[in-house]
Amino acid sequence: MDVAAAAMISVPLAVGLASIGPAIGIGMMASHYFDSVARQPEVQGAITPQFFITLGVVELLGLFGFVAFYLVFSKITF
Amino acid sequence: MEHFWQVSFGNGLTVHANTVLMAWIAMGLLIGLGWLATRQLAVIPTTRQTAGEFFYDFCRSITMCTAGPRGDGYLFFVGSLFLFILTCNLMGQLPLKLFGPLLPHGELMAATADINTTAALAIISLVMYIALAIKRTGIKGFVSHHLQPHWLFLPMNLLEHITRPASLLIRLYFNILVGEILSGLAMSISPYVLPSAVIFLELFVAVVQAYIFAILSAVYVGLMTEVHDDHHADDAHAH
């Protein structure tokens, strides 16, 4: 297996695997957000900004997979 | 990425002219709309003034929810960041490929799809929160903030000044870049229907990313300008 073929297999795998964790995290976060807003609609204004702050923090982990994609893909010459 | 129109000025200074052009257009748009919205202010607002007040209220809600009334001191900074990033992100969804043949190299795309723009914004955020922290708590308070909760945490507190701007820059840049790549991909698969779905997603991402960048900057400023020594000092300033 040459280097380009290995990169073609591993780079999409890196992006896919890296997005599993944030997907679970954002799913749990959104589910709890909707649960709490449905239970107490008056807290929505207070927790929506916190929801977006956490969204930004969790989502960054998924982008690290894309950083790996970017770094490896710009190095390969086909 | 080979999509940039690079202009060299000698001395090793190279500028991505397409990014600079888009950023200037965004600035001009914001200055023009701001001028329009604040002309002939009245107690009973016109439609223009109401639109301006809506954006002002939204920016103020960002600082209010992170630092309370204390946040009014840096509303100018957070509000400008939010409006500039929002304008840049949304401009990326215009049919800019039509203007591609007018440029000698590269193509027009959102200014925030270039890592130099997002790095500059992240560095502005870093400098701003350090400056506001020193202005509010003094040099002594700024240094003692790094010794919280114990002096052993000093390396970790110093590391935060690198990870905070780095995470801001990576988040914004890669979100917008992924959008550009995704819409290019959709365009090559099916040029008629599929891109509109991607553009719809990208409009949402553009607003959310601008909001997250602004709110995280506000949180960082709010954390750095907290007064630690006296728990009642904050309340005394607020009232």
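From a predicted model like this one, the values you see are computed outputs, not experimental measurements.

(A) Here's a closer look at the overall build of chain B. Secondary structure summary: chain B contains seven helices and two strands in total. When its helices and strands are written in sequence order, chain B yields β-β-α-α-α-α-α-α-α. Taken over the C-alpha atoms alone, chain B extends approximately 60 × 50 × 40 Å along its principal axes. Of all 239 residues assigned to chain B, the portion counted as buried reaches 31%. Across chain B, the fraction of contacts at a sequence separation of at least 24, relative to all contacts at a separation of at least 6, is 66%.

(B) Geometry of the overall build of chain A. On a plain count of helices and strands, chain A comes out with three helices and zero strands. In chain A, the order of α-helices and β-strands from amino to carboxyl end is α-α-α. A globule of 78 residues ought to have a C-alpha radius of gyration of about 12 Å, yet chain A, at 18 Å, is considerably larger. In terms of overall dimensions, chain A has C-alpha extents of about 60 × 15 × 10 Å along its principal axes. In chain A, once contacts between residues fewer than 6 apart in sequence are set aside, the share between residues at least 24 apart is 82%.

(C) Region of interest: the interface of chain B and chain A. Each partner contributes to the interface: chain B provides 11 residues, whereas chain A provides 10 residues. Counting residues per element, the ones that place at least two in the side of chain B that touches chain A are α5 (154-189) and α6 (194-224) of chain B. Residue classes in the side of chain B that touches chain A are distributed as nine nonpolar, one polar and one charged.

(D) Focus on the nonpolar core. Counting 51 residues, the largest nonpolar core has V78(B), L81(B), F82(B), I85(B), C88(B), F213(B) and A214(B) as its most contacted members. Mapped by element, the contributors of at least two residues to this core are α3 (44-75) of chain A together with α1 (17-37), α2 (47-67), α3 (75-91), α4 (115-145), α5 and α6 of chain B. Considering each element in turn, this core owes the most residues, 13 residues, to α6(B). Setting aside anything within four residues of it in sequence, one finds C88(B) in contact with M22(B), A23(B), A26(B), A110(B), A111(B) and T112(B).

(E) Local environment of unusual backbone geometry. Phi angles above zero are rare outside glycine, and Q40(B) is one such case at about 50°. Within the secondary structure, Q40(B) is located in the loop between α1 and α2.

(F) Summary view of the confidence of the model for chain A. For chain A, mean pLDDT is 86; residues scoring 70 or higher make up 95% of the total. When pLDDT is averaged over each helix and strand of chain A, the minimum, 84, is found for helix α1 (residues 3-18) of chain A and the maximum, 94, for helix α2 (residues 20-39) of chain A.

(G) Seen up close, the confidence of the model for chain B. All names here are of chain B. Per-residue pLDDT for chain B has a mean of 86; in total, 94% of the residues score no lower than 70. Confidence scores differ between elements of chain B, with helix α7 (residues 233-238) showing the lowest mean pLDDT of 48 and α3 the highest of 93. Across residues 230-236, confidence stays below pLDDT 50; counting only partners more than four residues off in sequence or on other chains, it has two contacts. For this predicted complex, the interface score ipTM comes out at 0.80, while the overall pTM is 0.86.

(H) Spatial organisation of the packing of α1(B) against α3(B). All names here are of chain B. Two elements in contact, α1 and α3, have axes whose closest approach is 9 Å; the angle formed by their N-to-C orientations is 120°. One element, α1, and the other, α3, form an angle in the oblique class. As α1 packs across α3, the resulting crossing turns out to be right-handed. Between α1 and α3, the residues in contact are M22, A23, A26, L29 and L30 and L83, F84, T87, C88 and M91, respectively. Split into classes, the residues belonging to the contact of α1 with α3 amount to nine nonpolar, one polar and no charged.

(I) Representation of the packing of α2(B) against α6(B) within the structure. Residue and element names in this part refer to chain B. Viewed as axis vectors pointing N to C, α2 and α6 meet at an angle of 40°, and their least axial separation amounts to 9 Å. By the criterion of interaxial angle, the relationship of α2 to α6 is oblique. When you trace α2 past α6, the crossing you get is right-handed. Contacts between α2 and α6 involve I62, T63, T66 and A67 on the former and, on the latter, A214, I215, A218, V219 and G222. Looking at side-chain class alone, the contact of α2 with α6 contains six nonpolar, three polar and no charged residues.

(J) Summary view of the environment of F54(B). All names here are of chain B. Topologically, F54 is positioned in helix α2. We classify F54 as exposed; it has 11 C-beta atoms within 10 Å. Spatially, the C-alpha atoms of F54 and P104 are 40 Å apart, while their sequence positions differ by 50 residues.

(K) Spotlight on α1(B). All names here are of chain B. With 21 residues, α1 should cover 30 Å at 1.5 Å per step; its first-to-last C-alpha distance of 30 Å lies within 8% of that length. Residues of α1 that are buried: N18, T19, M22, A23, A26 and A37. Angularly, the buried residues of α1 cover 135° about the axis, an arc narrow enough to put them on a single face. Along α1, the residues that are exposed and aim more than 90 degrees away from the buried face are W24, G28, I31, G32, W35 and L36. Residues of α1 that are buried in the fold lie against β2 (14-16), α2, α3 and α4.

Cut-offs applied
Residues numbered from 1 in each chain as written. Chains lettered and ligands numbered in written order. Predicted model: local features only at pLDDT ≥ 70, side-chain atom pairs only at ≥ 80, totals over all residues. Helix = DSSP H or I, 4+ residues; strand = E, 2+ residues; numbered from the N terminus. Buried ≥ 20, exposed ≤ 12 C-beta atoms within 10 Å, placed from the backbone. Contact = placed C-beta atoms within 7 Å. Rg over C-alpha atoms; globule rule 2.2 N^0.38 Å. Nonpolar A, V, L, I, M, F, W, Y, C, P; charged D, E, K, R; others polar. Core = buried A, V, L, I, M, F, W, Y, C linked by C-beta atoms within 7 Å. pLDDT = per-residue confidence, 0-100. Axes fitted to C-alpha atoms, helices over the stretch in contact; angles between N-to-C directions. Parallel < 35°, antiparallel > 145°, perpendicular 65-115°, else oblique. Left-handed = near helix turned anticlockwise from the far one by under 90°. Expected span 1.5 Å × (residues − 1). Arc of directions from axis to C-beta.

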